Amino acid sequence: MNAEAIVSVARPGAQAEADSVAEETPVAFEYNGISHAVMLATPADLEDLALGFSLSEGIVARLNDIYDVEVAFGELGITLSIEIAAEAFARLKERRRNLAGRTGCGLCGTESLAQVMRELPPVPKGPPFPVDALYEGMRRLPAQQHLQATTGATHAACRVQADGAIACVREDVGRHNALDKTLGALAASGEAGEGGLIVTSRASFEMVQKAAALGYGLLAAVSAPTAAAVRLADKLDLALVGFLRGDRCAVYTHPERLQGVRA
């Protein structure tokens, strides 16, 4: 986060002020010494990002397949050197892609439709999740969005529990990165798949895919989902919630996964 000099304009005049601006840094992912992807991200919680991206993109099947993560800062950006199991690396080389990532796109550089539409099993059913817990989690989240409070430029993701408590809040200029950071933190804590996920953005196809890949049956977004996200959530038995604001929300798929929702 940088402090920048700006000119604040408002009637009846203008004045010089200092403003906090979110950092956006190129982050390169290397697996066993081979470059795989470059994306723009907020340079914080980078080990969580490495873990979450590796798991949610199916590069590794389990956390134990990741042996080490090293973070190296350079003049041009940051390199995440990730050491993975030989079997996982062999699979990765087969589906090799070169991503020139952007903060608004989770699929840039994917080489084939098959890579985008990778097959995932439906998320196993669990006890219905209280919709009131989503409202409570959303009420608590802004107090932990420290970057957003100071810059106004970041998305957040977190896990919400059945009592409304939230955990593993992570922020990033990219919504996919924020979700990957939260998923990585949850996986590292041994709590992947428990509770639901909240994101302070729209819900896109790839965000549904990432949530389901780690066993989450509930993804709630502050804004709307895309049509592709709704279709995928329906197929994967995932409850997709949009417009989570105040004590209201819109349930797009599998309302049976939510307690307190009537059609």
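Residues numbered from 1 in each chain as written. Predicted model: local features only at pLDDT ≥ 70, side-chain atom pairs only at ≥ 80, totals over all residues. Heavy atoms only, no water.

1. Looking at the pattern of salt bridges
So, step 1. Scanning the entire structure with this criterion turns up 13 salt bridges.
So, step 2. Each of Glu136, Arg139, Arg140 and Asp247 takes part in one network of salt bridges that share partners. (Salt bridge = Lys/Arg side-chain N within 4 Å of Asp/Glu carboxyl O.)

2. Description of the packing of helix H1 (residues 46–56) against helix H6 (residues 175–189)
So, step 1. The interhelical angle for the contact between H1 and H6, taken along N-to-C directions, is 95°, at an axis separation of 6 Å. Overall, the two elements H1 and H6 adopt an arrangement that is roughly perpendicular. Mapping the contact onto sequence places Asp48, Leu49, Leu51, Gly52, Phe53, Leu55 and Ser56 in H1 and Asn177, Asp180, Lys181, Leu183, Gly184, Ala185, Ala187 and Ala188 in H6.
So, step 2. Within the contact of H1 with H6, the residues separate by chemical class into 8 nonpolar, 4 polar and 3 charged. (Axes fitted to C-alpha atoms, helices over the stretch in contact; angles between N-to-C directions. Helix = DSSP H or I, 4+ residues; strand = E, 2+ residues; numbered from the N terminus. Parallel < 35°, antiparallel > 145°, perpendicular 65-115°, else oblique. Contact = heavy atoms within 4.5 Å. Nonpolar A, V, L, I, M, F, W, Y, C, P; charged D, E, K, R; others polar.)

3. Topic: the confidence of the model for the protein chain
So, step 1. On average, residues of the protein chain score 89 in pLDDT, and 87% of them are at 70 or above.
So, step 2. Every residue in residues 97–103 is under pLDDT 50, and counting partners more than four places away or in other chains gives 29 contacts. (pLDDT = per-residue confidence, 0-100.)

4. As for the pairing of strand S13 (residues 239–245)
So, step 1. Counting buried positions over the 7 residues of S13 gives 5, a clear majority of the element.
So, step 2. Bridge count between strand S12 (residues 218–221) and S13: 3 bridges; the pairing is parallel. Within S13, the position partnered with Leu218 by the bridge is Ala239.
So, step 3. The β-α-β motif built from S12, the intervening helix H8 (residues 227–235) and the parallel element S13 has right-handed crossover chirality.
So, step 4. Summarising the sheet, S13 and strand S14 (residues 248–251) pair through 3 bridges and their orientation is antiparallel. Of the residues in S14, the one forming a bridge with Gly242 is Ala250.
So, step 5. Where S13 folds back onto S14 in an antiparallel hairpin, the turn is made up of 2 residues, including Gly246, whose phi is positive at roughly 65°. (Buried < 20%, exposed > 50% of the residue type's maximum accessible area, 1.4 Å probe, protein only. Pairing = 2+ DSSP bridges. Right-handed = clockwise from strand over helix to strand, strands pointing away.)

5. Here we look at the packing of aromatic side chains
So, step 1. Per the stated rule, a full pass over the model turns up 1 aromatic pair.
So, step 2. When the centroid spacing of 4.7 Å and the interplanar angle of 40° are considered together, the rings of Phe29 and Phe53 count as tilted. Taken together, the residues Phe29 in strand S3 (residues 25–31) and Phe53 in helix H1 connect sequence positions 24 residues apart. Both residues of the pair, Phe29 and Phe53, count as buried. (Phe/Tyr/Trp six-rings, centres within 6.5 Å; stacked < 30°, edge-to-face > 60°.)

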